[in-house]
Structure formats: C-alpha cells, structure tokens
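# Secondary and tertiary structure notes
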Amino acid sequence: MAQTRVLVEFGMGTSLRRRDYTEAAKRAIRDALWHNSVNVAELFDFPKDAMQIRAEVGVQDPDAVDRDALLEIFPYGQPEIHVTKGGLDITKEGGGQTVIANAAIIVSFDMEPV
C-alpha cells in the first residue's frame, strides 16, 4: 500500500526562563496536536494505531532535545521525531535567553490510491 499524507498541523512552544529546548519542543508539539481534534483515523475507519505520525521540530540547538521525551506525548499512532536547526533563541535584557520551538505534525496512513 502507498503511504498517503492526510493532515499537517503546526505549533509553537517556548521556554521563557530555563532555556529548555526539550520543554519548548514539547509545547510546540502539544500546540500542534491540541489546536484541532485529530479524528482522521475515524474518518477513514482505521484504528488509531495505524496513524503514521512524523513530528518535525525546529530549535536552535537540536542536540539539546530529548527525543524520547517527545515520543511520550503521543497517545497513539506510530510517531517519529525529527529535530532540526530552526526556531529562535532570543537574548533577554539582563541575561538569559527565551527559546522558541516550531513543530509540524504530519499524519499519514497506508492507503490504496483511488
């Protein structure tokens, strides 16, 4: 069967004080997931575990992200985490940085072409 993309959602997350790239990435993924009720599995009459989920996350320091912690966010489906350089670090007056992460959640299913 062919893998067919059926949904793309976007989100943004921050770590305002701790410069925690993993927490900013978690918040970005949750923002993308919780913007909408993702009911595409039911729409196609597939089990939720059939969802192939690709999470693309952009932060300024990709190596500082705990990918396993991001996998724990997904309640079902087959998630893959991909972290790349992106997002934004903003230097704060008086020291420190705010971290901004961006996420895209791509949901696909193995489907027969119509």
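What this report covers is the structure whose coordinates are included nearby. (Residues numbered from 1 in each chain as written. Predicted model: local features only at pLDDT ≥ 70, side-chain atom pairs only at ≥ 80, totals over all residues. Heavy atoms only, no water.)

### What to know about the nonpolar core
Side chains that are nonpolar tend, in soluble globular proteins, to be buried together. Keep this limit in mind: Side-chain atoms within 4.5 Å link the members of a nonpolar core, which is a set of buried Ala, Val, Leu, Ile, Met, Phe, Trp, Tyr and Cys residues. Throughout, exposure labels follow a simple rule: accessible area from a 1.4 Å probe, protein chains only, divided by the maximum for the residue type, with under 20% read as buried, over 50% as exposed, and the rest as partly exposed. In this description a helix means any DSSP run of H or I spanning at least four residues, a strand means any run of E spanning at least two, and both kinds are numbered starting from the N terminus. Here a residue-residue contact requires only that any non-hydrogen atoms of the pair lie within 4.5 Å.
The biggest cluster of nonpolar side chains holds 28 residues, and the ones touching the most others in it are Ile-29, Val-57, Leu-70, Phe-74, Ile-105 and Val-107. Secondary-structure elements contributing two or more residues to this core are α1 (21–34), α2 (40–43), β2 (52–59), β3 (78–85) and β5 (97–111). Setting aside its immediate chain neighbours within four residues, Ile-29 contacts Ala-55, Val-57, Leu-70, Ile-73, Phe-74, Ile-81, Ala-103 and Ile-105.

### Digging into the pattern of salt bridges
To keep it simple, the criterion reads: Within this document, salt bridges are pairs made up of a side-chain nitrogen of Lys or Arg and a carboxyl oxygen of Asp or Glu, the two lying within 4 Å of each other.
A full pass over the atoms with the stated rule returns five salt bridges. The salt bridge involving Asp-20 is made with Arg-18; its shortest N-O contact spans 3.3 Å. Here Asp-20 falls in the partly exposed class, since its relative accessible area comes to 22%. One salt bridge connects Arg-54 with Glu-56, and the closest N-O pair in it is separated by 2.4 Å. Overall, Arg-54 belongs to the partly exposed group, its relative accessible area being 32%. Among the charged side chains, a salt-bridge network with shared partners connects Arg-54, Glu-56 and Glu-80.

### Examining unusual backbone geometry
With phi around 50 degrees, Arg-19 is a residue other than glycine that occupies positive phi space. Relative to the elements of secondary structure, Arg-19 occurs in the loop between β1 (2–15) and α1. Arg-19 sits in the partly exposed class, given a relative accessible area of 46%.

### Looking at the side chain of Lys-26
Using the following cut-off: Charged residues are defined narrowly, with Lys and Arg counted positive, Asp and Glu counted negative, and His plus the chain ends left uncounted.
Looking at where Lys-26 falls in the secondary structure, it is placed in helix α1. This buried residue, Lys-26, is left without a salt bridge; Glu-23 holds the nearest opposite charge, at 4.2 Å. Here Lys-26 is in contact with Ala-69, Leu-70 and Ile-73, once residues within four sequence places are set aside.

### Regarding α1
Since the α-helix advances by 3.6 residues per turn, residues separated by three or four positions end up pointing in the same direction. The cut-off we apply is this: Every helix has an expected span of 1.5 Å times one less than the residues it contains. As used in this structure description, the phrase polar contact means that two N or O atoms lie within 3.5 Å; if the pair is within protein, one of them must be able to donate a hydrogen and the other to accept it, and residues adjacent in sequence are counted only when both atoms belong to side chains.
Taking 1.5 Å per residue, 14 residues should reach 20 Å; α1 reaches 20 Å between its end C-alpha atoms and fits that length. The element α1 is largely enclosed, with a buried count of ten among its 14 residues. Burial in α1 covers these residues: Tyr-21, Thr-22, Glu-23, Ala-24, Ala-25, Lys-26, Ala-28, Ile-29, Ala-32 and Leu-33. In this fold, the buried residues of α1 make contact with β1, β2, α3 (67–71), β3, β4 (88–91) and β5. Two or three places before Thr-22, at the start of α1, stands the capping residue Asp-20, its side-chain oxygen 3.1 Å from that residue's backbone nitrogen.

### Let's talk about the environment of Thr-4
Mapped onto the fold, Thr-4 is located in strand β1. A residue is classified by how much of its surface remains accessible, and Thr-4, at 31% relative accessible area, is partly exposed. As a C-alpha pair, Thr-4 and Thr-84 span 80 residues in sequence and 23 Å in three-dimensional space.

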